[in-house]
Amino acid sequence: MNNKKIRPTSYIVMFWNKDGTKKIKEEIYPMYKFTLDDVIVLLKGKEETCDIYECRFWKNRGRYITTGNTYIWDGYGWKLQM
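Numbering of residues starts from 1 in each chain and follows the order in which that chain's sequence is written. Residues qualify for local features only when their pLDDT is at least 70, as the model is predicted, and side-chain atom pairs are given and counted only at 80 or more; totals for whole chains, interfaces and linings, by contrast, use all residues. The side-chain figures draw on all heavy atoms in the structure; neither hydrogens nor water molecules are used.

Secondary structure elements follow DSSP: runs of H or I of four or more residues count as helices, runs of E of two or more count as strands, with numbering from the N terminus. Helix and strand counts for the protein come out as one helix and five strands. Secondary structure of the protein in N-to-C order comes out as β-β-α-β-β-β. The C-alpha extent of the protein, read off along each of the three principal axes, is 40 × 25 × 25 Å. Here the protein holds 82 residues, and 26% of them are scored as buried. Of the contacts made within the protein by residues no fewer than 6 positions apart, 42% connect residues no fewer than 24 positions apart. Surface summary for the protein: the accessible area is close to 6,300 Å², and the carbon and sulfur share equals 51%. The buried label goes to any residue with under 20% of its type's maximum accessible area, the exposed label to any with over 50%, and the partly exposed label to all in between, with areas taken from a 1.4 Å probe on protein chains only. Whether two residues are in contact is decided by their heavy atoms, any of which lying within 4.5 Å being enough. All accessible areas in this document rest on Shrake-Rupley with a 1.4 Å probe, and a residue is counted as covered only by the protein chains that are shown.

Structural data, given as structure tokens:
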């Protein structure tokens, strides 16, 4: 089996309802076009209802999986979730 690290290729922004219990929609931003700072600028004013995930498309499952960091809004700025 290949042991190389699976690097993320896209930022996925998931939008949640006000309670944070149901996903409303998601937007995908490829890393070759957008930096994290670009995505944060695009989300200006919507920070309270979304999270940012670093993901990669997994062909076997036909969906994106999180392979990198997760960023959450803490009320003052974007923080790396531990």
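Whenever Lys or Arg places a side-chain nitrogen within 4 Å of a carboxyl oxygen from Asp or Glu, that contact is recorded as a salt bridge. On inspection of all chains with the given rule, the structure shows two salt bridges. Among the ionic pairs, lysine 23 bridges to glutamate 26, the shortest N-O distance being 3.2 Å. Note that glutamate 27 and lysine 25 form a salt bridge whose closest N and O atoms lie 3.3 Å from each other.

This paragraph deals with the nonpolar core. Residues belong to a common nonpolar core when they are buried Ala, Val, Leu, Ile, Met, Phe, Trp, Tyr or Cys residues joined through side-chain atoms within 4.5 Å. Ranked by size, the top nonpolar core spans eleven residues in total: Tyr11, Val13, Phe15, Tyr29, Leu36, Val39, Leu43, Cys50, Ile52, Tyr71 and Trp78. When residues of this core are assigned to their parent elements, the largest contribution, three residues, is made by strand β1 (residues 10-16). In contact with tyrosine 29, other than residues within four places in its own chain, are Ser10, Tyr11, Val13, Phe34, Val39 and Leu42.

In spatial order, the strands read β2-β1-β3-β4-β5; together these five strands make up an open sheet with antiparallel pairing. Two strands close off the open sheet at either side, each with one partner strand: β2 (23-30) and β5 (78-80). This sheet shows a mean twist of 35° between the axes of neighbouring strands, independent of strand direction. Across six bridges, the pairing between β1 and strand β3 (residues 50-58) is antiparallel. Pairing between strands requires that DSSP locate at least two bridges from one strand to the other. The convention used is that axes are lines fitted to C-alpha atoms, helices contributing only their stretch in contact, and that angles between N-to-C directions extend from 0 to 180 degrees.

Within this model, the largest pocket holds a volume of roughly 170 Å³. Site definitions follow a grid-based scheme: protein atoms alone, a 1 Å grid, a 1.4 Å probe that fits but cannot get out for cavities, and for pockets an open set with protein on both sides within 12 Å along at least five of seven lines, plus lining residues having an atom within 4 Å of a point. Residue lining of the largest pocket: Ile6, Arg56, Phe57, Trp58, Lys59 and Ile65, and that is the complete set. Grid points are joined across faces, edges and corners, and a volume is the space filled by probe spheres set on the points.

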